[in-house]
Amino acid sequence: MTSETSPSVSGDEASDPKPSPEDQLASLALSETDGPASGSPRENNRHNEIESAEEEVQTNSAAPGLAVVENSGEAVRRGRIGGVLWARTNSEPEADGPESPSSSGYAGERGSSSASSAGSGIYEIAEVRDDEVVDGVSDSQAAWVPGKRHVDEDDASISWRKRKKHYFILSNSGKPIYSRHGDEHKLAGFSATLQAIISFVENGGDRVKLVRAGKHQVVFLVKGPIYLVCISCTEEPYESLRMQLELIYGQMLLILTKSVNRCFEKNPKFDMTPLLGGTDVVFSSLIHSFSWNPATFLHAYTCLPLAYATRQAAGAILQDVADSGVLFAILMCKHKVISLVGAQKASLHPDDILLLSNFVMASESFRTSESFSPICLPRYNPMAFLYAYVHYFDIDTYLMLLTTSSEAFYHLKDCRIRIEMVLLKSSVLSEIQRSMLDGGMRVEELPLDPLPRSGSFSPHLGQHTLPTDSPDGFRELYGGIGGPAGLWHFIYRSIFLDQYVSSEFSAPISSPRQQKRLYRAYQKLYASMHERGIGPHKTQFRRDENYVLLCWVTQDFELYAAFDPLADKALAIKTCNRVCQWVKDVENEIFLLGASPFSW
Amino acid sequence: MGCSSSLPDRSSGRLVGPNGENGGASDAKNLRVKLVLLGDSGVGKSCIVLRFVRGQFDPTSKVTVGASFLSQTIALQDSTTVKFEIWDTAGQERYAALAPLYYRGAAVAVIVYDITSPDTFNKAQYWVKELQKHGTPDIVLALVGNKADLHEKREVSVQDGMDYAEKNGMFFIETSAKTADNINQLFEEIAKRLPRPAPPSSSQNP
Ligand SMILES: Nc1nc2c(ncn2[C@@H]2O[C@H](COP(=O)(O)OP(=O)(O)OP(=O)(O)O)[C@@H](O)[C@H]2O)c(=O)[nH]1
Ligand SMILES: [Mg+2]
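Residues numbered from 1 in each chain as written. Chains lettered and ligands numbered in written order. Predicted model: local features only at pLDDT ≥ 70, side-chain atom pairs only at ≥ 80, totals over all residues. Heavy atoms only, no water.

In the annotation of an unreviewed UniProt entry, chain A is listed under the name Vacuolar fusion protein MON1 homolog and assigned to Rubus argutus. For chain A, the Function (unreviewed entry) comment in UniProt is given as "Plays an important role in membrane trafficking through the secretory apparatus." In its Sequence similarities (unreviewed entry) section, the UniProt record describing chain A reads: "Belongs to the MON1/SAND family." (UniProt positions renumbered as here; feature names shortened; annotations may be inferred.)

### Considering the pairing of strand E2 (residues 67-75) of chain B
Along any regular strand, the residues point their side chains to alternate faces of the sheet. Pairing analysis gives 2 bridges linking strand E12 (residues 371-375) of chain A to E2(B), with the strands arranged antiparallel. The residue of E2(B) that forms the bridge with Ser371(A) is Ser68(B). Taken together, E2(B) and the strand that follows it, strand E3 (residues 81-89) of chain B, pair antiparallel across an intervening segment of 5 residues, in which Ser79(B) is found at a positive phi of about 65°. (Pairing = 2+ DSSP bridges. Helix = DSSP H or I, 4+ residues; strand = E, 2+ residues; numbered from the N terminus.)

### A closer look at helix H18 (residues 569-585) of chain A
Residues and elements named next belong to chain A. Here H18 spans 24 Å end to end across 17 residues, near enough to the 24 Å set by a 1.5 Å rise per residue. Most of H18 is tucked away, with 14 of its 17 residues classed as buried. Structurally, the start of H18 carries an N-cap: the backbone nitrogen of Ala570 is 3.2 Å from a side-chain oxygen of Asp568. (Expected span 1.5 Å × (residues − 1). Buried < 20%, exposed > 50% of the residue type's maximum accessible area, 1.4 Å probe, protein only. Polar contact = N/O pair within 3.5 Å; in protein donor to acceptor, adjacent residues only side chain to side chain.)

### Some remarks on the coordination of the magnesium ion (ligand 2)
Surrounding the magnesium ion (ligand 2) are the protein donor atoms Ser46(B) (OG) and Thr64(B) (OG1), at 2.0 Å. You can see Ser46(B) sitting in helix H2 (residues 45-54) and its partner Thr64(B) sitting in the loop between H2 and E2, a full 18 residues away along the chain. (Donors = N, O, S within 2.8 Å, 3.2 Å for Na, K, Ca; no water.)

### Examining the sheet that holds strand E11 (residues 336-342) of chain A
Backbone hydrogen bonds are what pair the strands of a sheet, in a parallel or an antiparallel way. One open sheet holds the 11 strands; their spatial order is E11(A)-E10(A)-E14(A)-E13(A)-E12(A)-E2(B)-E3(B)-E1(B)-E4(B)-E5(B)-E6(B), and the pairing between them is mixed. Edge strands, defined here as strands with exactly one partner in the open sheet, are E11 of chain A together with strand E6 (171-174) of chain B. Taking each pair of neighbouring strands and ignoring which way they run, the sheet shows an average axis angle of 20°. Pairing of strand E5 (residues 140-146) of chain B with E6(B), which is carried by 4 bridges, proceeds in the parallel orientation. Paired with Leu143(B) across the bridge in E6(B) is Phe172(B). (Axes fitted to C-alpha atoms, helices over the stretch in contact; angles between N-to-C directions.)

### Section: the packing of aromatic side chains
Here the structure, examined in full by the defined rule, presents 30 aromatic pairs over all chains. Summarising the aromatic geometry, the rings of Phe372(A) and Tyr387(A) are spaced 5.8 Å apart at their centres and angled 25° between planes, so their arrangement reads as stacked. In this pair, Phe372(A) sits in strand E12 while Tyr387(A) sits in strand E13 (residues 386-392), placing the two residues 15 residues apart along the sequence. Note on Phe372(A): relative accessible area 1%, which makes it buried. Pairing Tyr410(A) with Phe69(B) gives two aromatic rings, centres 5.9 Å apart and planes at 90°, and the pair type is edge-to-face. Pair noted here: Tyr410(A) is in helix H14 (residues 409-425) and Phe69(B) is in strand E2, and the two residues belong to different chains. Residue Tyr410(A) is classed as buried on the basis of its relative accessible area, which comes to 3%. When its relative accessible area of 4% is taken as the criterion, Phe69(B) is described as buried. Connected via pairs of aromatic rings, a cluster forms that spans Phe372(A), Tyr387(A), Tyr389(A), Phe409(A), Tyr410(A), Phe69(B), Trp87(B) and Tyr102(B). Across the ring face of Phe541(A), the terminal group of Lys569(A) is positioned such that the distance to the ring centre comes to 4.7 Å. (Phe/Tyr/Trp six-rings, centres within 6.5 Å; stacked < 30°, edge-to-face > 60°. Lys NZ or Arg CZ within 6 Å of the ring centre and 35° of its normal.)

### Examining the pairing of E6(B)
Because side chains alternate across E6(B), one face comprises the buried residues Phe171(B) and Ile173(B), and the other comprises Phe172(B) and Glu174(B), equally buried. In terms of handedness, the path from E5(B) via helix H5 (residues 158-167) of chain B over to E6(B) forms a crossover that is right-handed. (Right-handed = clockwise from strand over helix to strand, strands pointing away.)

Now the structure itself:
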């Protein structure tokens, strides 16, 4: 119901002796030859060997071949009028029949008249400098100042128009609810313009999804009486921007629940801004995470690397507490999960983890003392509040205990005291500190040879470093920058676990700007691999002036890897196989296994 | 009804664990008191509590979410101690409906406004009325005009605060969390006004 991942894949396999098409696809892979896949499954190593190339996309410049304009899979018409590209999507393809109010030519017509009204609002957001990079890139919290910036701006300010990315929330009567840059109330005129476009198209039975205006994309998301809009010239795929709007909406629900809709039923002109008072920091930190946190597009969470026994100790006490009537017990360090446990049958969606941890980390007051607050988990139940007990054990490590009972504070406080005692006694808290210092997987430490499967790699994952006299000569070829074969970075997502692991950034991906660029490249790659209606992309190999990007999707995992743009393709493929093997070898330490709430 | 701190779990069916709010029973010498702070967002409730509990003042605003829980024990001249278990509630509008969750069973309510903002004084009066209607009977009410250091921006006169408090049988004080002015006095005065539990011979069991 709430978890999108079902562990039933293996069950299906068991009932079907013949390999399913997915199995065959999973076994297809990249090879040193550029030809199509051989199609013959290699049973013995199908999940950890990439062998034959299925597809290769090579681009010489940044120009992406992806012009995602609409919600694919649905009936779409487009009309290009004066540089504004309209994508009109009927909610049901068959509704395009006689009873539909729309007729062919509708989009163009409406598009043209709307385009003129949009023109004043959208077209004039002219050339954009890279000024956002200064304030919005860094992974380090120190460099990023939370909270709304540029409150003095409105839509007449040049600086406001030059921002690379705008996000708005407004009501269907055009009342501003949230704006990333500038003061909501000063932007009332602009909101009214956006609202006019939306209701114009909606009245025709359609939903605006995307408007293109020169370099800008304007993406719309309609959620009952609430409209969300993103204006961007970042070249992010439409699907990514739409998911970001979904997350912003989810963040709003986390604060207010969906019952806020009732306010609009009573009074269409309802002003929602007071209800979101003091939450600017929550939204701005979420929006900031759209440029550094892979969880925002992977829909998976990541764990702090810990020895298996350490994570088990934390999980055991959380389980104990969950058995005493706590719905979810979650222990986190910054945005990384240490352990989490759900009461029977309760499952936690990765997006809820993201939104909850963002809310807690962005709200400074949680750091001051233990707190008890209503919150809503939009994927769990968007209508109802849960109650969250939040307590910080140290500057980065915090515990969240969620319950349905508004009376449970003192019980949760007791639970926390018990948990804290156990964590201290089994030195989990100090292990967490050490893991923070040690960091996670490093491409330089990718092991050369297959490792014993049962081995533990404590104290640190990177114990097995590449010998300097590497027989493969990787080091000699690539001058010691990055990992073997020019491997710079990777992200591995386990589909079954809903978790991902990302390697540490190291040279040459060391500056925030380079990290953000790589992040965007992954995001684009992810979107192209998950596009609907384009057929199953199982592998992709792209080379441009910045990187070689390699992506491999099976039914068990997704691997995204970035290499030196001069990397040798055959070596890169070989290296990807080794990365997958490495992840498998250390999965006990980088993932939360076993008592996962997703496997209930 | 002498023992104010036995009221909470009588009026609400909440789960009380071994270390819960009723864990250490009050006696004549050692009182445990549930105190709730109410008032508009930004009037300085959290700053007052942090000044009282930790002796600190942090001028950067940290809007409270839901409510924070802190405790602090003070010793009075007559060698009794009072442990305040403080609910610092969020003044943001969306949490207003939740206030009963936190003031239910409270022996003391401290209602705070900002002397530079008449709006917050109005809001304080709203809270007084709500507590008179729905609060614990015999609740000790304190009206606090905070940010007294900003006297050049004052918009609510001392007299107005005093008059309103007197009319409603409340204790009144002006404080500054920034300078620490009157913060300890606020809590000491509250402690003095608390109803004392009956001597051990009479009922100790809730
Ligand atoms: N000058 C002055 N400023 C103060 C004083 N007390 C608080 N402030 C300022 O007022 C702002 C808000 O204070 P908080 O304590 O966070 O307000 P609050 O009542 O807890 O607000 P909510 O948590 O939203 O309900 C802070 O930024 C403080 O710097 C004071 O005594 N004097
Ligand atoms: Mg506060």
